[in-house]
Amino acid sequence: MDHGKLDSPLWNSATRWDKSHKDLKYFPVHLMGALSFGFDGLSRHLFFHDTLLGGETAGMNGTVEYVLRVLTHLKAHSKLPNHPTKRELHLQFDNCGDNKNWLVLGFAQLLVTSRLFTAVTVDFLPVGHTHENIDQMFRTVAGIVRHDKVSTMNTLPKLMGVLQAKLKAVQW
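What this report covers is the structure whose coordinates are included nearby. Each chain has its residues counted from 1, following the order in which its sequence is written. Predicted model: local features are reported for residues with pLDDT of at least 70 only, side-chain atom pairs are reported and counted for 80 or more only, and whole-chain, interface and lining totals are derived from all residues. The side-chain figures draw on all heavy atoms in the structure; neither hydrogens nor water molecules are used.

Some points on the overall build of the chain
Next up, step 1: Note on conventions: DSSP H or I runs of at least 4 residues are helices, E runs of at least 2 residues are strands, and numbering of each starts at the N terminus. Regarding its fold elements, the chain presents five helices and five strands.
Next up, step 2: Each helix and strand of the chain, placed in order from N terminus to C terminus, yields the pattern α-β-β-α-β-α-β-α-α-β.
Next up, step 3: Expressed as a percentage of the 172 residues in the chain, the buried residues total 35%.
Next up, step 4: Residues count as neighbours in contact if any of their non-hydrogen atoms are within 4.5 Å of one another. Within the chain, residue pairs in contact and separated by at least 24 positions form 61% of the contacts whose partners lie at least 6 positions apart.
Next up, step 5: Here, Shrake-Rupley sampling with a 1.4 Å probe gives the accessible areas, and only protein chains in the shown set may cover a residue. Only carbon and sulfur atoms are counted for the fraction: they give 57% of the accessible area of the chain, which is about 10,700 Å². Here's how the labels work: a residue is buried when its accessible area is under 20% of the maximum for its type, exposed when over 50%, partly exposed in between, all with a 1.4 Å probe on protein chains only.

Quick notes on the nonpolar core
Next up, step 1: Buried residues of nine kinds, namely Ala, Val, Leu, Ile, Met, Phe, Trp, Tyr and Cys, make up a nonpolar core once their side-chain atoms join them within 4.5 Å. If you look at the biggest cluster of nonpolar residues, it comprises 16 residues, and the most contacted ones within it are Val 67, Leu 71, Leu 89, Leu 111 and Phe 117.
Next up, step 2: Within the residue set of this core, elements represented by two or more residues are helix 2 (59-76), strand 3 (88-93) and helix 3 (102-113).
Next up, step 3: In terms of residues, this core owes the most to one element, helix 2, which gives six residues.
Next up, step 4: Those residues in contact with Leu 89 that lie beyond four places of it in its chain are Leu 71, Leu 111, Phe 117, Ala 119, Val 120 and Thr 121.

Looking at the side chain of Asn 101
Next up, step 1: Summarising the element assignment, Asn 101 is placed in the loop between strand 3 and helix 3.
Next up, step 2: Side-chain polar atoms of Asn 101 contact the backbone nitrogen of Val 104, separated by 3.0 Å. Residues adjacent in sequence count toward polar contacts only when both atoms are side-chain atoms; beyond that, a polar contact is any pair of N or O atoms within 3.5 Å, and within protein one must be able to donate a hydrogen and the other to accept it.

Quick word on the pairing of strand 3
Next up, step 1: Here strand 3 shows a clear split, with Leu 89, Leu 91 and Phe 93 buried on one side and none of Glu 88, His 90 and Gln 92 buried on the other.
Next up, step 2: Relative to strand 4 (residues 119-124), strand 3 runs parallel, the two being bridged by six bridges. Paired with Leu 89 across the strands is Val 120, a residue of strand 4.
Next up, step 3: Crossover connection from strand 3 via helix 3 to parallel strand 4: handedness right-handed. Pairs of strands are assigned from DSSP output, requiring at least two bridges between the strands. Here the term right-handed applies to a crossover when the path leading from its first strand over the helix to its second strand runs clockwise, the strands being oriented away from the viewer.

What follows is the structure, encoded as structure tokens:
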């Protein structure tokens with residue numbers, strides 16, 4: 001999802017580009033999503049953060065952080081594979097620089113070296129993907145964001161609650 005679509009306050013484009021609003025400062029809020037498929041089917045995870053957390057260059061650190069949080073959540077709920085010889089993790093990322101780098105690949109290697117998994121496979125979605133499960137989830141998010149406008153940072157938690165309820169998602 002385009003990060004600019006969540007910058008607070010959220011207004012429709014006609015209002016946002018109106019000359020009377022041109023000097024307003026927008027507080028950038030990023031939303032990252034993850035889907036996990038496991039023993040009990042599909043789990044959705046949503047991560048909201050601002051650019052103050054690591055700044056604009058936090059991309060690869062954020063990717064590793066999100067994967068780690070999903071794995072921690074799955075472990076806490078006993079949803080990680082526990083077979084003694086076959087514990088495989090398949091990661092599928094968006095095809096961008098934040099996900100295609102040494103830190104993400106090193107983290108995948110660490111998961112194998114630490115024996116949490118016996119194998120980790122990393123795949124990247126094709127450019128222009130539109131029919132993947134994650135795209136469907138963010139289409140739903142975009143519809144909710146358009147309907148429930150966020151005019152101040154105080155209304156962001158309400159939006160997060162709506163997203164959590166409608167998507168049955170884990171919020172971070």
